[in-house]
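The primary structure of each chain is shown beneath.
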Amino acid sequence: MSIENIKFDEKGLVAAIVQDIATKEVLTLAYMNKESLEKSLETGETWFYSRSRQELWHKGETSGNTQKIHEIKYDCDKDALLVLVEPAGPACHNGTVSCFVESIYSSEAAPTPTLSDYQILLTLEKVIKDRELNRPEGAYTTYLFEKGVDKILKKVGEEAAEVIIAAKNRSHEELKWEASDLLYHLLVLLREQDLPFAEILNVLESRHK
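Let us look at the structure shown here.

The rules behind the values
Residues numbered from 1 in each chain as written. Predicted model: local features only at pLDDT ≥ 70, side-chain atom pairs only at ≥ 80, totals over all residues. Heavy atoms only, no water. Pairing = 2+ DSSP bridges. Helix = DSSP H or I, 4+ residues; strand = E, 2+ residues; numbered from the N terminus. Axes fitted to C-alpha atoms, helices over the stretch in contact; angles between N-to-C directions. 1 Å grid on protein atoms, 1.4 Å probe; cavity = no way out; pocket = protein on both sides within 12 Å on 5 of 7 lines; lining within 4 Å. Points joined across faces, edges and corners; volume = space filled by probe spheres on them. Nonpolar A, V, L, I, M, F, W, Y, C, P; charged D, E, K, R; others polar. Salt bridge = Lys/Arg side-chain N within 4 Å of Asp/Glu carboxyl O. Buried < 20%, exposed > 50% of the residue type's maximum accessible area, 1.4 Å probe, protein only. Contact = heavy atoms within 4.5 Å. Patch = residues over 30% accessible without salt bridge, like charges linked within 9 Å, V, L, I, M, F, W, Y side chains within 5 Å. Areas by Shrake-Rupley, 256 points an atom, 1.4 Å probe, with all protein chains shown as cover. Core = buried A, V, L, I, M, F, W, Y, C linked by side-chain atoms within 4.5 Å.

Reading across the sheet, the four strands line up as β2-β1-β6-β5 and stay open at both edges, with mixed pairing between neighbours. In this open sheet, the two edge strands, each paired with only one partner strand, are β2 (26-32) and β5 (67-74). Across the sheet, the axes of successive neighbouring strands diverge by a mean angle of 25°, strand direction being ignored. The pairing of strand β1 (residues 14-20) with β2 spans six bridges and is antiparallel. Within β2, the residue paired with V18 across the bridge is T28.

Moving on, we come to empty space enclosed by the protein. Within the structure shown, the criterion is met by one cavity of 30 Å³ or more. Along its surface, the largest cavity is lined by L121, L183, L186, L187 and F197. Counting residues per element, the lining of the largest cavity draws most heavily on helix α5 (residues 172-192), which supplies three residues. Per-class residue counts for the lining of the largest cavity are five nonpolar, no polar and no charged.

Attention shifts here to the pattern of salt bridges. Tallying each qualifying case throughout the model produces seven salt bridges. In this structure, K155 and E158 form a salt bridge, with 3.3 Å as the shortest nitrogen-oxygen distance. Placement of the pair is K155 and E158 together in helix α4 (residues 149-168), with a separation of three residues, close to one helical turn. Residue K155 is classed as buried on the basis of its relative accessible area of 15%. A cluster of three or more residues bridged by salt bridges with shared partners is formed by K155, E158 and E159.

Right, let's talk about the environment of V85 for a bit. The residue V85 is located in strand β6 (residues 80-87) in this model. On the accessibility criterion, V85 (0% relative accessible area) is buried. When the C-alpha atoms of V85 and K151 are compared, they prove to be 35 Å apart, with 66 residues separating the residues in sequence. Those residues within four positions of V85 in sequence are excluded, and the remaining contacts are V18, Q19, D20, I21, L27, T46, Q67, K68, I69 and H70.

A word on the layout of surface pockets. The gaps of empty space that remain are located by a probe, the size of a water molecule, rolled over the atoms. For the largest pocket, the calculated volume is near 920 Å³. In terms of lining residues, the largest pocket is bounded by 29 residues, among which A22, L122, E125, F197 and A198 are the most central. Counting only elements with at least two residues in the lining of the largest pocket, the list comes to β6, α2 (119-134), α5 and α6 (197-208). Looking at the lining of the largest pocket, the element that brings in the most residues is α2, giving seven residues. When the residues that make up the lining of the largest pocket are grouped by side-chain class, the tally is 16 nonpolar, four polar and nine charged. Its boundaries defined by the atoms lining it, the second largest pocket holds a volume of some 600 Å³. R53, W57, K59, A91 and H93 are, among the 25 residues lining the second largest pocket, the residues nearest its centre. For the lining of the second largest pocket, the secondary-structure elements that each account for two or more residues are β2, β3 (47-50) and β4 (55-58).

Further remarks concern a nonpolar patch on the surface. Together, I17, V26, L29 and F100 make up an exposed nonpolar region whose accessible area comes to about 340 Å². Within the fold, I17 resides in strand β1.

Time to look at the nonpolar core. Core analysis: the largest hydrophobic core is formed by 16 residues, its most contacted members being M32, L37, L81 and V83. Going through the elements one at a time, β1, β2, β5 and β6 are the ones with two or more residues in this core. Membership of the second largest hydrophobic core comes to 12 residues, among which are I128, L144, V156 and F197.

This next bit is on unusual backbone geometry. Of note, R135 is a non-glycine position whose phi angle comes to about 45°, a positive value. You will see that R170, though not glycine, has its phi angle at about 55°, which is positive. Considering the arrangement of structural elements, one finds R170 in the loop between α4 and α5.

Structure below.
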């Protein structure tokens, strides 16, 4: 991508829409000038221009909630950017995953969950990774990794059987707990196999297409 292709406005700024590359959640809308865009390209992390403070700022420099850039695209008019990132924490200074949390319209006829509702899966994956690397004493996840793949596979099989039984019992209360246990143990297995959850999502997306 050439910066020279970008059409900055009269103030030397261009709108930058930041999106989570894994969940596709829109995280924030910020602005870049030529210098912050150059720094973003050089460092591989997002830099923006603060219109209120009139200075550059490195996202996460203070909070630690940096955003690793995977790709930057510009639109057909070359006057807006789409920045695909892997966030290290919440995007919003209020502590929420996304800055877009309030709704002014929602169709009650066809309610659908937002992408942020699925953030817990990615959070859980990160916690499981941390457990494998640091092995905190007394943690159940530590116990599973120390016992090895055979124990993890056994638990996946047991939880799958419990899901079947709960479904046969027509018990939503029972099923939601057993399904949660199955998802957790499946994520542990994926980590043990060094298979990122994002690759599972990619397969599902490709099948959908």
